[in-house]
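Given next are the chains, with one letter for each unit.
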Amino acid sequence: LMKLKDEYNKMVDGKIPKDPDILDALYIDDFSRKRLHTFILFDDAAFIFDKKSKSKFKRWFTEFRHWKVTAYCNIQIWGSIDAKLKNLLTSVMLFKGFSRERVQHIFRQLPLDMKFDDFYNNYYMKLKEYQKLIIDFPTNSIKFV
């Protein structure tokens, strides 16, 4: 996919002739987009990003922003994720159901400017069923969704 995107970019930049066959391969209709952005969903992905994994995805994950890729990772076991990858996160979604101890473990690894008790009592404990907290690091904001 990344090679196809790179080839597409060269075509829209005029570096190589446009080949209409690439459109089908990328599931797009025409060459109107200047750059393509890719969204990848990793479901139940702890095994890909754990500390011992030699997965290519783990290495690629560190390069995604250079390739215009957004990754959404569903991971139930926070502790399994390599700390180096946690530093690359821009947001985290937390659902109801974790113990106080587990929430505190997660909280200690988030770049939030507040005390744990404030976070736990004012946000996590106020979650309703099927609701989630979205913690956005660039804006240092927390919202209920």
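Owing to the predicted nature of the structure, the values given are computational and were not obtained by experimental measurement.

Peer 1: Looking at this structure, how should I read the overall build of the chain?
Peer 2: Helix and strand content of the chain: seven helices and five strands. For the chain, the sequential pattern of α-helices and β-strands runs α-α-β-α-α-β-α-β-α-α-β-β. Taking 15 Å as the expected radius of gyration for a compact globule of 145 residues, we find that the chain reaches 19 Å, considerably beyond that expectation. Summarising its shape, the C-alpha atoms of the chain cover approximately 60 × 30 × 25 Å along the three principal directions. Relative to its full complement of 145 residues, the chain shows a buried share of 32%. The contacts in the chain between residues at least 6 apart in sequence include a share of 51% that link residues at least 24 apart. As presented, the chain carries roughly 10100 Å² of accessible surface, and 52% of it is formed by carbon and sulfur atoms. Averaged over its 27 positive side-chain charges, the chain has a centre that lies 6 Å from the centre of its 19 negative ones.

Peer 1: Please explain helix H6 (residues 100-107) as it appears in this structure.
Peer 2: Since one α-helical turn is 3.6 residues long, residues separated by three or four positions face the same way. Residues of H6 that are buried: Val103, Ile106 and Phe107. In a view along the axis of H6, the buried residues occupy a sector of 100°, so they form one face of it. For H6, the secondary structure elements touched by its buried residues are strand S3 (91-95) and helix H7 (116-122).

Peer 1: Which parts of the structure should I look at to understand the confidence of the model for the chain?
Peer 2: Atom-level detail of predicted coordinates should not be read off regions where pLDDT is low. Per-residue confidence for the chain averages 87 on the pLDDT scale, and 99% of its residues sit at or above 70. Within the chain, no element has a lower average pLDDT than helix H3 (residues 46-49), which sits at 71, and none a higher one than H7, at 96.

The rules behind these values
Residues numbered from 1 in each chain as written. Predicted model: local features only at pLDDT ≥ 70, side-chain atom pairs only at ≥ 80, totals over all residues. Heavy atoms only, no water. Helix = DSSP H or I, 4+ residues; strand = E, 2+ residues; numbered from the N terminus. Rg over C-alpha atoms; globule rule 2.2 N^0.38 Å. Buried < 20%, exposed > 50% of the residue type's maximum accessible area, 1.4 Å probe, protein only. Contact = heavy atoms within 4.5 Å. Areas by Shrake-Rupley, 256 points an atom, 1.4 Å probe, with all protein chains shown as cover. Lys, Arg positive; Asp, Glu negative; His and termini not counted. Charge placed at Lys NZ, Arg CZ, Asp CG, Glu CD. Arc of directions from axis to C-beta. pLDDT = per-residue confidence, 0-100.

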